[in-house]
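# Residue-level structural notes
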Amino acid sequence: MLPTDIKFHVNDSPWPETSTCMELGGCDADGRAVWNEVTRLVIETHREHGLLNPKLNCRYAPDSPREYLDLISRSVLAGHNNFALLNDGVLIPACVRAGKTEREARLYVNGGCQETIMEGVEHSAGAYFYFCLPRLLDLCLQPPDPLPPGLPAEAAPALPSIIQAPDFDSYYAQFLDRVKTAIRLGIGWTTALGREQWALHPCPFLSSTLEGCIASGLDYTQGGAKYNPSGIALVGLGTLVDSLHALRAAVFDEKWMTLDELRRSLAANWAGQEDLRRRLKKLPKFGHGHPAVDALAADVARELAAFASALPSERGGRFQGSFFVYYAFQWFARIVRATPDGRRTGDLLTQGVAPDRTTPPASLTDVFHSIHAIDFTALPANSVLDIQLPLGPGMSPSTLSALMRTFAEMGGPTLQPNAVSVETLRRWETDGRLTTHRSGGGQRLVPITEVSRLLAERRHASSPRP
């Protein structure tokens, strides 16, 4: 683990993420739980040396050994936030549903971050194609932005806005049709590029480790492996669902504004309409356990998962849907204009399957109930819930372990916890700087002025924020 961590020079880089991971726990091909002294040694050593790489992707299930979950919990609550917790109860059935054998599915690993790969029989290209769902709704509500100088006219989005609809179901059907059209267009571009990879960047060494490539005489980039799926990462689920529900409530059900009035408010980025924006912000949101909103999220996920699974990849397999977004919820936010949920132009999109950060739910129980409404076994490329946990007397290892078990029992796919104490945050504020801590390796201090400058660059000029 030390060479993996050291070779990336993370202490000297503002970008410490490297997508190098290690899979722990889970089960063997016969379904027997994997938990032993080697598992313990890896986790304890990783924490002892304050390593960032390789990231620990820990497979688990509701009936995982208590010692295993408590060890992970103690590490997280010590501030060692380097874990992704993958639920075998969802991901193994998801892989079987995608056509793998159960023995193969029991040996799934990760392909860089949290995207699933069947060991020795495939390379899934899990984060192959990122697709911004709120941007499509944005384009359905407002005309496209002017093209930057130098770009050809054909680069403009070819999807017409939805000017009118008799009811929400009609609007929603038109929206889904445009989403699918845009996904087909994007996949056409990516698969065309993928067909060139064999000539540009063949992978003979990796291919020699995959079943099927030697027998067929084909590199994995040519479809030589036993399975050849590609991933489509769907970004901004919560923002999309919150916006669709707001549109449904305000325009079609309660009728306290028209579609044209909403479009004008969005185009103005809520200028002079703060009361309206706040009213929309107060509507029920995804992650709050609201049945109607959760049902809408489940329908969006079901529609898009089924659509993705019918699309062919350039290697002869099929696409696999996910709500795994890496940093794309930040990147895409810069080009997504105001949305009906009350979000301003340039504000962050929701991350993975998490709720909106600006309207947090009352408890994690509400979040788990919302996630429970979605069938994640239809999304074999994986989906991730990132949660921020306060450290304090109310959060013990046994409490966090119970939270992990509940998440798994309620059908959550992957949980990524991040724990920090209020005292640490206050110390950062008092010191006037942010601290990246490395146990046994000192600290790297980043001036808060530099962080503020970077954040300011990411905000849209027309959307000042406190």
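One can find the structure itself at the top, above this paragraph.
A brief report on the enclosed structure follows.

Rules used throughout
- Throughout this document, residue positions are counted from 1 along each chain, in the order its sequence is written.
- For a predicted model such as this one, the threshold for reporting local features is a pLDDT of at least 70, and the threshold for listing and counting side-chain atom pairs is 80 or more; totals across whole chains, interfaces and linings nevertheless cover every residue.
- With hydrogens and water excluded, all non-hydrogen atoms of the structure serve as input to the side-chain values.
- Two strands make a pair as long as DSSP finds a minimum of two bridges between them.
- Secondary structure is summarised from DSSP: a helix means a run of H or I of at least four residues, a strand means a run of E of at least two, and numbering begins at the N terminus for each.
- The axes used here are C-alpha line fits, helices contributing only the stretch in contact, and every angle between their N-to-C directions lies in the interval 0 to 180 degrees.
- Throughout, a residue-residue contact means that at least one pair of heavy atoms, one from each residue, lies within 4.5 Å.
- When a residue's accessible area, from a 1.4 Å probe over protein chains only, is under 20% of the maximum for its type it is buried; when over 50% it is exposed; and in between it is partly exposed.
- Nonpolar cores are built from buried Ala, Val, Leu, Ile, Met, Phe, Trp, Tyr and Cys residues. Side-chain atoms within 4.5 Å join them into one set.
- In this tally, Asp and Glu contribute negative charge and Lys and Arg positive charge; neither His nor the terminal groups of the chain are included.
- By convention in these notes, a salt bridge is any Lys or Arg side-chain nitrogen within 4 Å of a carboxyl oxygen on Asp or Glu.

One open sheet holds the five strands; their spatial order is 1-2-3-10-9, and the pairing between them is mixed. One side of each edge strand has no neighbouring strand; the edge strands of this open sheet are strand 1 (21-25) and strand 9 (384-391). Geometrically, the sheet is characterised by an average inter-axis angle of 25 degrees between neighbouring strands, direction not taken into account. Taken together, the five bridges between strand 1 and strand 2 (residues 55-60) define a ladder with parallel strand orientation. Among the inter-strand pairings, Met22 is bridged to a residue of strand 2, identified as Leu56. Relative to the sheet, helix 3 (residues 66-77) contacts strand 1, strand 2, strand 3 (83-87), strand 9 and strand 10 (414-421), its axis offset from that of strand 2 by approximately 145 degrees.

Another aspect to go through is the environment of Lys55. Tracing the chain through its elements places Lys55 in strand 2. On the accessibility criterion, Lys55 (18% relative accessible area) is buried. Along the primary structure Lys55 and Asn81 are separated by 26 residues, whereas in three dimensions their C-alpha atoms are 9.4 Å apart. Those residues within four positions of Lys55 in sequence are excluded, and the remaining contacts are Thr20, Cys21, Met22, Asn82, Phe83, Ala84, Gln114 and Gln416.

Counting residues in hydrophobic clusters, the biggest one holds 89 residues, and the most contacted among them are Phe131, Tyr171, Phe175, Ile183 and Leu385. Ranked by residue count, the leading element in this core is helix 11 (residues 237-253), at 10 residues. Once residues within four sequence positions are removed from consideration, Ile183 is found in contact with Phe129, Phe131, Ile232, Leu234, Phe307 and Leu311.

One can find Asp219 in the loop between helix 10 (213-216) and strand 7 (230-235). This buried residue, Asp219, is left without a salt bridge; Arg315 holds the nearest opposite charge, at 8.5 Å. Among residues more than four places away in sequence, those in contact with Asp219 are Trp198, Pro202, Cys203, Pro204, Ser207, Cys213 and Gly224.

By themselves these figures say nothing about function.
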